[in-house]
Amino acid sequence: MMPPLGPPLDRVDGRKKVTGGAKFAAEHNLENMAYAAMVMSTIPSGTIRSIDTAAAKRSTGVIAVISHLNAPRLGPAPGQPPAAGQPGAAAPPQQQGNFAEPQLIPFSDNKVHYVGQRIAVVVADTIEHAARGAELVKVTYDETPARLDMQQFREQGVDRAKSLFTKGDADAAFASASVKIDQIYRTPHEHHNPMEAHSIVAAWDGDHLTLYDSSQNIFAVQQTMSRLFGIPKENVHILSQFVGGAFGSKGSTWPHVVIGVLAARMVNRPVKVFLTRKQLFFGNGHRPETQQRVALGANPEGKLLAMIHEGMSQSNDVCTYAERFVRPTKAIYAVDNMRAINPIVSLNLPSPTYMRAPGESPGMFAIESAMDELAYALKMDPLQLRLVNHADVNPEDGKPWSSKSLKECYAQGADKFGWSKRNPEPRSMKSGRDLIGWGMASATYPAHRSPASARAVVKSDGTVTIYTGTHEMGMGTATVMSQLAAETLGIPVERVRFEYGDTTLPPTPISAGSMTAASVGSAVFGACDALKKRVAEIDGVDPATINAESYHTILSKHYLDDVEARFDAKPPQQEPHATQAFGAHFVEVAIDQDIPVVRVQRMVSAFAGGRILNAKTARSQYFGGIIQGIGMALLEETHFDKRLGTFTNVNFAEYMVPTNADVRSIDIIMVPEEDHDVNPIGVKGIGEIGIVGVAPAIANAVFHATGKRVRDLPITIEKLM
Amino acid sequence: MQPFDFVREHEVSTAVKAGSRDGAKFIAGGTNLVDLMKCDVEHPTHVVDINAVPLSKVEQVPGGVRIGALVRMSDLAVHPLIVKNFPAISQSLLVSASPQIRNMASIGGNLMQRTRCPYFRELTWTPCNKRNPGSGCSAIEGENRLHAILGTSDACIATHPSDLAVAVAALDGVLTLRGPKGERQVNATDFHLLPGNTPHIEHDLKHGEMITSLFIPDGPHAKRSSYLKIRDRASFEFALTAAAVGLDLDGSLIRSARVAFGGVGTKPWRAKFAEAALGGQRATPDVFRAAAEAEMKSAVAHRQNAYKIELMKRTLVRALSDLAGGVA
Amino acid sequence: MIGSAAATAGLLVAPLLGEEARKNAAATQQADPNAIPVALDVNGKVHQLELDPRTTLLDALREHLDITGPKKGCDQGACGACTVLIDGRRVLSCLNLAAMNSGKKIVTVEGLAGDGRLQAIQAAFIRNDGFQCGYCTSGQICSAVALIREGRAHSDAEIREWMSGNVCRCGCYLGIVEAVKEASNATV
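Residues numbered from 1 in each chain as written. Chains lettered and ligands numbered in written order. Predicted model: local features only at pLDDT ≥ 70, side-chain atom pairs only at ≥ 80, totals over all residues. Heavy atoms only, no water.

## Some points on the packing of aromatic side chains
Applying the stated criterion across every chain yields a total of 17 aromatic pairs over all chains. Grouped by ring-pair contacts, the aromatic residues F282, F640 and F647 of chain A together with W125 of chain B constitute a single cluster. Over the ring of F703 of chain A we find R709 of chain A, and its NZ or CZ is 4.1 Å from the ring centre. The ring of W162 of chain C carries R102 of chain B above its face, with NZ or CZ at 4.9 Å from the centroid. (Phe/Tyr/Trp six-rings, centres within 6.5 Å; stacked < 30°, edge-to-face > 60°. Lys NZ or Arg CZ within 6 Å of the ring centre and 35° of its normal.)

Set out below in structure tokens:
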């Protein structure tokens, strides 16, 4: 087996990425390719009265303008039962699909559900002609009253995610607790803003579709296209070799994919869609605004007696998304009395979706801010409070953890940071003009796993190719899977090739929820283990005797060109254990006393995420999560104009993500953790946990520095003046 | 983007002629014009490339420095004359935009750059008096955290985005303009216009005219000057508030001062009231604060930008304190 | 796992919109009447192009020359992914009209590795894991090449500030700073 901390191999696709050789979806320039440009709705609610396409059609190079007025009816989306008599009605029932907006098949009618809805597309011979054509399309509407303010409709929350969780009597326990915190916390709309905009190149050949898509979930896109366009799944070939960041926003099939494929079919040419940065803010998901009440009741020793976590988040009627901000509530502290629920309020806003650590990220902001408030109310060290309430078993169901090293994370992080030297008094630490603040918070994210398949083929020259459909958005999948294969087969990693990002390869799940390493890794491990055994069997030897040279020797000896094995990895039906990654952040902020911009001076973050396959790529993923957490804490907010129903700062200058200058010292501690129960390879997944807890750790440090408790993100200068 | 024809001119005279045609616009760096053309906000039918016009010199001239309109921001920022005699100009450039943009953008173009107001730039279907005169202002009752508090009107509260223009306004810059009718000079402080009822008219540059150079006079205020910019993000962001300050000191006595504000005005905001409050006073924090109060009396806040009033005051106090150094 | 979609209804969308679209499509086969000649010298090779004046340098590279190293991140000058070197200076190709660049020497990330040998900065990006998804990397590397030439690699703080025109959403800034430092030391 591999060591708990895998070697820091350089990325196997590194050379391609530093030479411009990595081809992303929109970089497949096909013969005779046309370009499509979207037209977005400009009202939040109503119907389209007219679409004047005359000027657009006259414009140079425009081939077609497509909208509900001339688009054919598409089949039902996966997850939506087809109505009798509708195309696709004969198909078997589908599982929940990944179509982002099951109630809004593009161009199916004249209804407008939010500003920015894709209501028409202009196809032209060049990118400039298409963009100009889209500007020339004139749309008139009949507006209907829109629901735009979450506060106004807060009584109409719906528990779409069926999230209600109760344990004991939370209200009674809270009422009788001697020390209490009861506060409202808010997180704003945020956008993923991957560097690469969502983009596709779609090409039809008869009733076969080839689609280059920047996707986190190619097999679901395949299924969605199959259903919508009424062709067998086998006719749909999705390719996604390199994805320029996603963070959840490329997990669902968004309307532009359907529209681009539709357009390619209608104009009978390959079509490229490359959304503009502005368009990304409207129809490709966002982390929705939340408002959360956290009520904590404790005894004077700090033992939590009651925890209530409730509130609301924005969603809409055309998607199925609900922000599950109470998911961490059930996993983080030992509390006997709990009530947690995360309803949605449906509004005329674009569809939200999962964004890095959905649920946990906003949820832990509220919980961990409240814990800090409780520590001050108790006059207790915030770290000590967390130790007092450490959950030795999963609070939700009492199951034992497959492994948990949170206490080690606290201890090692605190030690490296120097937490014991903290003067708890707010405004007590200074450096020149700056107030210095130290804060901490816990982090957690579940260790998910889904079925996945892989095929391993060894050639007589001793080289091995791994085939599995999965994705590479920068997490290092291609690298760590190559390492895992090499380790399992006992060969040098240079002899492994990893093929992925293609629906003709064995199926894998969505690359999201920190589950790629666990899911795909279990399949790769299984396939390689089986391959090794098969080769041993061919020669009638003990698999334990197989070494790097055995493959060449045995295949040559038996005149075999290649030998292969496939493995379909499935998580067990019943998990006897609770599986969860944990961590802890320690933050120092510096805040000028007069001009209180918050700067994160240094962070120490310790994580226990099971086995780490590659110390280098893992460290980068942790950094990435943490830096997005710094953005969430201090910079990121998509402003929404409640009168006009539109997001406003819809560009990359006024929607601010951290720049290089915003990031100073970050120390990552990877606490070694061996876990034989979580899955065959002992990994828990680390893509999300980095961001969880960063915002509250910073907010807590800001309180320590200034004495001001900021309960609504981001922590901008005006909130500290 | 609307179609246009493209010509490259090599002389001021031919450029001006080409630029005088209806619908013509000059392009230098392109960092603002191309962006706004993509936004469907700028619609030139003729684009006149002036990059080959010889206007890229920085020269010591009697009484000051003359800067060609096509000098790039990055070059001006590190020019020895500027670093030595006009630190506020250099500093304002180095905290502008990004290294790449500074390599492209010209000094003339920088002074001409247009507001970042999202209703103007991105949300082209919404009312905006600057983009579509008479349609109304979406920002006054809308999302206006970044909007102006000085020089606003009922028609527009859009912030002028330039950093350089603020330093130029403080240091009494003078622009030379060349048009079909010849050459003329305009003080930088008169070049940008208040929105009033005509927010679409942003500056005193007639159609066909181009900026050919910028003169900045030498002087004690220029030599002892600085630029302080406050922003949310550590880099690559427009100002929340900014102060360009210049002091002529006699010991701790302020003989006279030059002050301009950025991030808060509908134009680069020369702070005459602040200057008046500083002149003849000792350089002390109380005097600085009083100067800030004097200037900000006329500030008008909207729903989300009231913080800028106090922040601007503190920004000025900090800028002056740092500039006065040991004497304050 | 995803259920099998044995759809049987047949292809739902017919090709072609009719006579009008056919005519339009045919019309677009002809040369664009607005096109102007532009000669672009990219990575040492001169390309004679006929371009719509609206074509940005970025689109000329990516869509006309299939040089896709320069990336389209925001297409509005706010991210740096499209950074290329023009006459040795780092600039944004997205806010740059292609027509403005006739006669200039343009270098993209593809032009950095000579004879298949990586430049020090490219190798340093790999070694220090200065990227994850790789989409901002071309711009980061072009920017870093220029930064080192500009003499702005004296300290971590200076590198951070002078690399801040290149946004990395994956958050690889610490690796990027290390890579720039390493390459800078290798070049002096």
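Picking up after the structure, the text goes on.
## Some thoughts on the interface of chain C and chain A
By a widespread convention, an interface's size corresponds to the accessible area lost as its parts come together. Taken residue by residue, the interface counts 75 residues in chain C and 100 residues in chain A. Of the roughly 7,000 Å² buried between chain C and chain A on both sides combined, carbon and sulfur atoms contribute 58%. Summed over the shared surface of chain C and chain A, the result is 6 salt bridges. Between R11 of chain A and D129 of chain C there is a salt bridge, with the nearest N and O atoms lying 2.6 Å from each other. Taken together, the links from chain C to chain A amount to 27 residue pairs in polar contact (both at pLDDT 80 or more). Contributions of two or more residues to the side of chain C that touches chain A are made by α1 (19–27), α2 (57–64), α3 (120–127), α4 (137–150), α5 (156–162) and α6 (173–187) of chain C. Grouping the constituent residues of the side of chain C that touches chain A by class yields 37 nonpolar, 21 polar and 17 charged. (Contact = heavy atoms within 4.5 Å. Buried area = accessible area lost by both parts, 1.4 Å probe. Salt bridge = Lys/Arg side-chain N within 4 Å of Asp/Glu carboxyl O. Polar contact = N/O pair within 3.5 Å; in protein donor to acceptor, adjacent residues only side chain to side chain. Helix = DSSP H or I, 4+ residues; strand = E, 2+ residues; numbered from the N terminus. Nonpolar A, V, L, I, M, F, W, Y, C, P; charged D, E, K, R; others polar.)

## Examining the domain arrangement of chain B
Splitting chain B by domain gives domain 1 (5–49) and domain 2 (220–327). Put simply, the middle of domain 1 of chain B and the middle of domain 2 of chain B, counted by C-alpha atoms, are 36 Å apart. (Domains from an automatic or database assignment.)

## What about the environment of S20 of chain B?
All names here are of chain B. Along the chain, S20 turns up in the loop between α1 (12–19) and β2 (24–27). The class for S20 is partly exposed, based on a relative accessible area of 27%. Taking the C-alpha atoms as reference points, S20 and L93, 73 residues apart in sequence, are found 30 Å from one another. Leave out the neighbours within four places in its chain, and S20 touches P180, H207 and G208. Polar side-chain contacts of S20 include one of 2.6 Å to the backbone oxygen of V16. (Buried < 20%, exposed > 50% of the residue type's maximum accessible area, 1.4 Å probe, protein only.)

## Some thoughts on the sheet that holds β2 of chain B
Residues and elements named next belong to chain B. The strand order across the open sheet built from 3 strands is β1-β3-β2, with neighbouring strands paired in parallel fashion. In this open sheet, the two strands that pair with only one neighbour each are β1 (5–8) and β2. On average, adjacent strands in this sheet sit at an angle of 25 degrees to one another, irrespective of strand direction. In the sheet, β2 pairs with strand β3 (residues 46–49) via 4 bridges, with the strands oriented parallel. Its bridge partner being in β3, K25 is matched across the sheet by V47. (Pairing = 2+ DSSP bridges. Axes fitted to C-alpha atoms, helices over the stretch in contact; angles between N-to-C directions.)

## A look at the environment of K708 of chain A
All names here are of chain A. Assignment of secondary structure puts K708 in the segment after α16 (694–706). Distance in space between the C-alpha atoms of K708 and E301 is 25 Å, their sequence separation being 407 residues. Not counting the four nearest positions on each side in its chain, K708 is found in contact with V702, F703, K719, L720 and M721. Within the structure, the side chain of K708 is placed 3.1 Å from the backbone oxygen of L720, a separation counted as a polar contact.

## Comments concerning the sheet that holds strand β21 (residues 496–499) of chain A
Residues and elements named next belong to chain A. An order of β21-β20-β19-β22 is seen for the 4 strands of this open sheet, with the pairing classed as mixed. Strands with a single pairing partner mark the edges of an open sheet, and in this sheet they are β21 and β22 (562–569). Averaged over neighbouring strand pairs, the angle between their axes works out to 15 degrees when direction is ignored. Here strand β19 (residues 452–459) pairs with β22 via 8 bridges, running antiparallel. Within β22, the position partnered with R455 by the bridge is R566. The strands that helix α12 (residues 477–489) touches are β20 (464–467) and β21; relative to β21, the one it contacts most, it runs at about 135 degrees. Contacting β19, β20, β21 and β22, helix α13 (residues 516–539) runs over the sheet at an angle of about 140 degrees to β22.

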